[in-house]
Amino acid sequence: TAAGFPAIKTAEDFDFTAQTAITHTDYAAMASGRYLAEAGNIVLLGPPGTGKTHLATALGITACQQGHRVLYATAVDWIHRLKGAHDTGRLDAELRKLGRYRLIIIDEVGYLPFEQEAANLFFQLVSTRYEKASLILTSNLPFARWGEVFGDVTIAAAMIDRIVHHAEVHTLKGASYRLKTLGTDSLPS
Ligand code: ADP
Ligand code: MG
């Protein structure tokens, strides 16, 4: 899709009885889009397969339908994009351009550690949007371990501080839905 979503996912496809850390009511409140009007953020934490990308995508698609400009990419892809802009002297222009998107989704913070330069670029993306436009972030790691991801506890702390100042944080739980959907039929007898 134009906004970069990896797949089309909606709240209708999401089984809220399988993921009890977030209720349908919580979800509906987020999907109303108030966080977008307030330039607030949403953070979805939790182990792999618990529905973080699914819910982030569903919220992103809803924001598009509400008429907002939205961009989705993984943290690694955001870093490539920012590094490309930085290396050609266009970082400020790129950050200004991204500022015109009401919502940026940063999926999969934490799967790969960042180098120092990447951590700095990421910090700039977060700080230029602070109190101006929204972010949805997902991570398999709790905030306490983001220092390892960014290779710098000070940068991580400064970033988390800005992210959570106006944010809703949900920690998803349970076994991977990917394994669940294999079902018992596929297990050897
Ligand atoms: P994560 O990003 O947390 O690793 P995903 O959102 O990619 O997990 O979920 C893995 C797969 O399982 C996706 O195909 C997703 O649509 C599906 N899935 C996860 N949780 C649920 C759920 N509660 N109801 C329906 N499908 C789900
Ligand atoms: Mg994911």
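Look above for the structure.
Please read these numbers as outputs of a predicted model, since none were measured by experiment.

A. Spotlight on the packing of aromatic side chains. Scanning all chains against the criterion turns up eight aromatic pairs. Positioned above the aromatic ring of Tyr 101, the side-chain terminus of Arg 69 is 4.3 Å from the ring centre.

B. Summary view of the nonpolar core. Judged by nonpolar contacts, the single largest core of 33 residues is most densely connected at Ile 104, Ile 106, Val 109, Phe 122, Leu 137, Trp 146 and Phe 150. The greatest single-element share of this core, amounting to six residues, is contributed by helix H6 (residues 116–129). Here Val 109 is in contact with Ala 75, Phe 122, Leu 137, Thr 138, Ser 139, Asn 140, Trp 146, Val 149 and Phe 150, once residues within four sequence places are set aside. Counting residues in hydrophobic clusters, the runner-up holds 25 residues, among them Ala 31, Ile 42, Ala 56 and Ile 136.

C. Structural view of the layout of surface pockets. Taken as a whole, the largest pocket spans an internal volume of roughly 570 Å³. If you trace the largest pocket, you find 30 residues lining it, with Gly 49, Thr 50, Gly 51, His 54 and Arg 178 closest to the centre. Listing elements by their share of the lining of the largest pocket, those giving two or more residues are helix H3 (52–65), strand E3 (103–109), strand E4 (134–139) and helix H9 (177–180). When its residues are assigned to classes, the lining of the largest pocket shows nine nonpolar, 12 polar and nine charged.

D. Here's a closer look at the site of ligand 1. Taken together, 14 residues lie near ligand 1, and Asp 15, Gly 49, Lys 52, Thr 53 and His 54 sit nearest. Contact distances for ligand 1 include 2.9 Å between an oxygen atom and a side-chain N or O atom of Lys 9. Here ligand 1 has 560 Å² of accessible area as a free molecule, and 86% of this is covered by the chains. The cavity that encloses ligand 1 is the largest pocket.

E. Geometry of helix H1 (residues 24–31). Of the residues making up H1, those classed as buried are Tyr 27, Met 30 and Ala 31. Along the axis of H1, the buried residues cluster in a sector spanning 95°; they form a single face. Each element contacted by the buried residues of H1 is listed here: helix H2 (34–37), strand E1 (41–45), H3 and strand E5 (167–171). Note on H1: the residue one or two positions beyond its end, Gly 33, has a positive phi of about 90°.

F. Region of interest: the environment of His 165. For His 165, the location among the structural elements is in helix H8 (residues 153–165). For His 165 and Thr 23, which are 142 residues apart along the polypeptide, the C-alpha to C-alpha distance reads 23 Å. The contact partners of His 165, leaving out residues within four places of it in the chain, are Tyr 130 and Glu 131. A polar atom in the side chain of His 165 sits 3.4 Å from the side chain of His 166.

G. Quick peek at the pattern of salt bridges. On inspection of all chains with the given rule, the structure shows five salt bridges. Here Glu 94 and Arg 81 are joined by a salt bridge, their closest N and O atoms 2.7 Å apart. Of this pair, Glu 94 sits in helix H5 (residues 91–98) while Arg 81 sits in helix H4 (residues 75–87); the two residues are 13 residues apart in sequence, bridging distant segments of the chain. A residue is classified by how much of its surface remains accessible, and Glu 94, at 7% relative accessible area, is buried. It is possible to trace a salt-bridge network through shared partners that takes in Lys 83, Asp 87 and Glu 117.

H. Seen up close, empty space enclosed by the protein. Considering all chains together, one arrives at one cavity of 30 Å³ or more under this definition. Space inside the largest cavity adds up to approximately 60 Å³. Together, Ala 39, Asn 41, Val 126, Arg 129, Tyr 130, Glu 131, Ala 133, Leu 135, Arg 162, Ile 163 and His 166 line the largest cavity.

I. Quick look at the packing of H6 against H8. Where H6 contacts H8, the two axes come as close as 10 Å, and the packing angle between them is 20°. For the element pair H6 / H8, the angle class is roughly parallel. The crossing of H6 and H8 is left-handed. Facing Gln 116, Ala 119, Asn 120, Phe 122, Phe 123, Val 126 and Ser 127 of H6, the residues of H8 in contact are Ile 155, Ala 158, Met 159, Arg 162 and Ile 163. In the contact of H6 with H8, the residues fall into eight nonpolar, three polar and one charged.

Analysis parameters
- Residues numbered from 1 in each chain as written.
- Chains lettered and ligands numbered in written order.
- Predicted model: local features only at pLDDT ≥ 70, side-chain atom pairs only at ≥ 80, totals over all residues.
- Heavy atoms only, no water.
- Phe/Tyr/Trp six-rings, centres within 6.5 Å; stacked < 30°, edge-to-face > 60°.
- Lys NZ or Arg CZ within 6 Å of the ring centre and 35° of its normal.
- Core = buried A, V, L, I, M, F, W, Y, C linked by side-chain atoms within 4.5 Å.
- Buried < 20%, exposed > 50% of the residue type's maximum accessible area, 1.4 Å probe, protein only.
- Helix = DSSP H or I, 4+ residues; strand = E, 2+ residues; numbered from the N terminus.
- Contact = heavy atoms within 4.5 Å.
- 1 Å grid on protein atoms, 1.4 Å probe; cavity = no way out; pocket = protein on both sides within 12 Å on 5 of 7 lines; lining within 4 Å.
- Points joined across faces, edges and corners; volume = space filled by probe spheres on them.
- Nonpolar A, V, L, I, M, F, W, Y, C, P; charged D, E, K, R; others polar.
- Near = heavy atom within 4 Å.
- Polar contact = N/O pair within 3.5 Å; in protein donor to acceptor, adjacent residues only side chain to side chain.
- Areas by Shrake-Rupley, 256 points an atom, 1.4 Å probe, with all protein chains shown as cover.
- Sits in = over half its atoms within 2 Å of the grid points.
- Arc of directions from axis to C-beta.
- Salt bridge = Lys/Arg side-chain N within 4 Å of Asp/Glu carboxyl O.
- Axes fitted to C-alpha atoms, helices over the stretch in contact; angles between N-to-C directions.
- Parallel < 35°, antiparallel > 145°, perpendicular 65-115°, else oblique.
- Left-handed = near helix turned anticlockwise from the far one by under 90°.

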